[in-house]
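Residues per chain are reported as follows:
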Amino acid sequence: MKKYWKLFMLGIFTFSLLGIHYVQAARETSDYLTLGLKTIHGDESVVAERTFYGSYNQSNIYQSAIVKLNGARTALKGLYVYDMFSYIPIEMEPLTKQYRSFIRGKMVQPMFYYEDEQRLLYVDITIKNNQTYPMPVTLHVSSLTKEDGKQVDYTATTLQSLPFEYVYVEDVQFVDGYIKVVANAFEAGRGSMLYVFTIDDKTRTVKEYKPLTTSEEGEEQVGNRLYKDYYSFTSQTKQTNFLYGSSTDYVEATPNSATSDESAKDFKLYKLDLKTMETALIDVPEAVRNNSSISTATNDATHFVVYGENNMLELYSYHFDNDEWTHIELENGFGVTARQVFLVDEVLYIWYEEYGDVVKSFVDAYDVTTGKQLYRGEITSKSDEPFYFRMSSVK
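Quick caveat, the model's predicted, so the values are computed rather than measured. (Residues numbered from 1 in each chain as written. Predicted model: local features only at pLDDT ≥ 70, side-chain atom pairs only at ≥ 80, totals over all residues. Heavy atoms only, no water.)

1. Some points on the sheet that holds strand β2 (residues 52-58)
As a reminder of what qualifies: Here a strand pair is declared whenever DSSP counts at least two bridges between the two strands. Numbering goes from the N terminus for both helices and strands, where a helix is a DSSP run of H or I of at least four residues and a strand is a run of E of at least two. The convention used is that axes are lines fitted to C-alpha atoms, helices contributing only their stretch in contact, and that angles between N-to-C directions extend from 0 to 180 degrees.
Spatial ordering of the open sheet is given by β3-β2-β27, a layout of three strands whose pairing is antiparallel. Each end of this open sheet is capped by a strand with a single partner; those strands are β3 (61-67) and β27 (388-394). If you compare each strand with its neighbour and ignore which way they point, the axes differ by 25 degrees on average. Two strands pair when backbone bridges link them, and β2 and β3 are joined in this way by seven bridges, in the antiparallel orientation. Looking across to β3, one finds that Ser55 is bridged to Ser64.

So, in structure tokens, the structure goes:
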């Protein structure tokens, strides 16, 4: 009897492997779109070495996508077991291939990871949801040393119980021997609040946890946002300077106008230094106060693309080295419906859309210091069937 059970289990295992193989083969031979950039005007060298990551929807079929100047198929090779059960940003594909064993069983989203020359870190946060009394917060840490391939897994729990209904990771950094985890926590009666948890990597304990915003009892805190590039794994690594916003009254607004869907009464903007854990309230230009939804961030500056007078695109940049704002107008930015912005090697890339019978997607490239337009191109495919593209990052 045991012999037959062993044969039965072996058959199931073999069938599963064959199933995965044929799913992989079917996907690799299926009709993935080949997306490319059709140059409208400008210098193609600005985009020739760039990869634009995102996803597209065609006939209600969603697929991760890569866009290059000369076209690229949109397959996620080698990720089929993961991909059948959860969405994986295509930007994470190189990491999942190189560190497959380390990533197995973990959330595959950029905000949970930190990487430098020596290490790869992963941090997640859990809390027992109990609305009757506060509970401790547990941080799950995995650390991989690249030199010897050694992996260490441990948990660090706050000594004090915290009254959170749920909490999720916004960013992970490694600063002077400490793991810094920026998290967004929701507390009943107070709303969403940003916290920084500091973990001593040697003692594997929570050294401190600090709220970045507070609110009065009974006043719901809305819009606590960390300004960063959430889906770009490379851009978030080694970043210690951040801006974060806080507002107490959410206001709906129409896009492509002087106020955006991030508009808020009593909007405040703060800067955060993860090295010193110092925070400070900063002055906010009125254009940014009313339109702060489209932004990109580096360790040197945070940039906001806003709609100025006469519906022209303008760039407001806050520089951490001198605590000053700069403001420039973006050339040929009239009437552009900007959806997202990215900064790579001092070139600002804007993904925008035009609406008609079908939605068309475009990429503009600008000199970040002068606002001069360097390139404009349309995202196209060889298929006659319309598609909707959404960009998430640029590398």
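There is more to say, and it comes next.
2. Here we look at the pairing of strand β9 (residues 166-175)
Inclusion rule: Remark: exposure states derive from per-residue accessible area (1.4 Å probe, protein chains only) relative to the maximum for the residue type, with buried under 20%, exposed over 50%, and partly exposed in between.
Burial analysis of β9 places eight of its 10 residues in the buried class, the great majority of the element. Bridge count between β9 and strand β10 (residues 178-187): nine bridges; the pairing is antiparallel. For Asp171, the partnering residue across the bridge sits in β10 and is Val182. Hairpin remark: β9 followed by β10, antiparallel, with two residues in the connecting loop; positive phi at Asp176, about 55 degrees.

3. Overview of the packing of aromatic side chains
Working definition: an aromatic ring pair is given by the centre-to-centre distance plus the angle between the planes. Put simply, the rule reads: Side-chain rings of Phe, Tyr and Trp (the six-membered ring for Trp) are treated as a pair once their centres are within 6.5 Å; stacked means planes under 30 degrees apart, edge-to-face means over 60, and tilted covers the remaining angles.
According to the stated counting rule, one finds 16 aromatic pairs in the structure shown. For the pair Phe197 and Tyr209, a centre-to-centre distance of 6.1 Å together with 35 degrees between the ring planes defines the contact as tilted. Linking Phe197 in strand β11 (residues 191-200) with Tyr209 in strand β12 (residues 205-211), this pair joins segments that are 12 residues apart in sequence. Plain terms: the ring middles of Tyr352 and Phe362 are 5.0 Å apart, the flat faces sit at 15 degrees to each other, and that makes the pair stacked. Of this pair, Tyr352 sits in strand β24 (residues 347-354) while Phe362 sits in strand β25 (residues 360-367); the two residues are 10 residues apart in sequence, bridging distant segments of the chain. Note on Phe362: relative accessible area 5%, which makes it buried.

4. A closer look at the nonpolar core
How we decide: The nonpolar core is taken to be a set of buried Ala, Val, Leu, Ile, Met, Phe, Trp, Tyr and Cys residues, with the residues joined through side-chain atoms within 4.5 Å. Residues are treated as being in contact if the distance between any of their heavy atoms lies within 4.5 Å.
With 38 residues, the main nonpolar core has Tyr113, Ile125, Leu139, Phe164, Ile179, Val181 and Phe197 as its most contacted residues. Where this core is concerned, the elements lending two or more residues are α5 (100-103), β5 (113-115), β6 (119-127), β7 (137-145), β8 (151-157), β9, β10 and β11. With six residues, the top contributor of residues to this core is β6. Dropping the residues within four chain positions of it, Leu139 is found in contact with Val123, Asp124, Ile125, Tyr154, Thr155, Ala156, Val181, Phe197, Ile199 and Val206. In terms of nonpolar packing, the next biggest core, distinct from the first, is built from 23 residues, Val67, Leu69, Ile379 and Val394 among them.

5. Focus on the side chain of Ser142
Mapped onto the elements of the fold, Ser142 is located in strand β7. Residue classification places Ser142 among the buried residues on the basis of a relative accessible area of 7%.

6. As for the confidence of the model for the chain
This is how the line gets drawn: pLDDT is defined as a per-residue confidence score from the predictor, taking values between 0 and 100.
Averaged over all residues, the pLDDT of the chain is 80; the fraction at 70 or higher stands at 77%. Every residue in residues 20-29 is under pLDDT 50, and counting partners more than four places away or in other chains gives 11 contacts. When the criterion is pLDDT under 50, residues 75-86 qualifies, and its contacts beyond four places in sequence or with other chains add up to 25 contacts.

7. Re the pattern of salt bridges
Rule in force here: Salt bridge, as used here: a side-chain nitrogen of Lys or Arg that lies within 4 Å of a carboxyl oxygen of Asp or Glu.
Tallied over the full model, the rule gives 10 salt bridges. Ionic pairing is found between Lys228 and Asp171, a salt bridge with its closest N-O pair at 2.8 Å. With Lys228 in the loop between β13 (222-227) and α6 (233-236) and Asp171 in strand β9, the pair connects residues that are 57 residues apart, well separated along the chain. The exposure class of Lys228 is buried, given its relative accessible area of 4%. Taking the shortest distance from any N to any O, the salt bridge between Arg376 and Asp364 comes out at 2.7 Å. Of this pair, Arg376 sits in strand β26 (residues 373-381) while Asp364 is found in strand β25, placing the two residues 12 residues apart along the sequence. Like Arg376, the residue Asp364 is buried in the burial classification.

8. What about the sheet that holds strand β19 (residues 295-297)?
The four strands are arranged β19-β20-β21-β22 in an open sheet whose pairing can be described as antiparallel. Each having just a single partner strand, β19 and β22 (324-334) make up the two edges of the open sheet. For this sheet, the mean inter-axis angle between neighbouring strands, taken without regard to orientation, is 20 degrees. In terms of strand pairing, strand β20 (residues 301-307) meets strand β21 (residues 312-319) through seven bridges, oriented antiparallel. Looking across to β21, one finds that Thr302 is bridged to Tyr318.

9. Thoughts on unusual backbone geometry
Backbone geometry follows two general trends: most residues other than glycine have a negative phi, and most peptide bonds adopt the trans configuration. In this structure, Arg204 takes a positive phi of about 60 degrees despite not being glycine. Position of Arg204 among the secondary structure elements: in the loop between β11 and β12. The backbone phi angle of Asn332 is positive, close to 60 degrees, even though this residue is not glycine. One can find Asn332 in strand β22.

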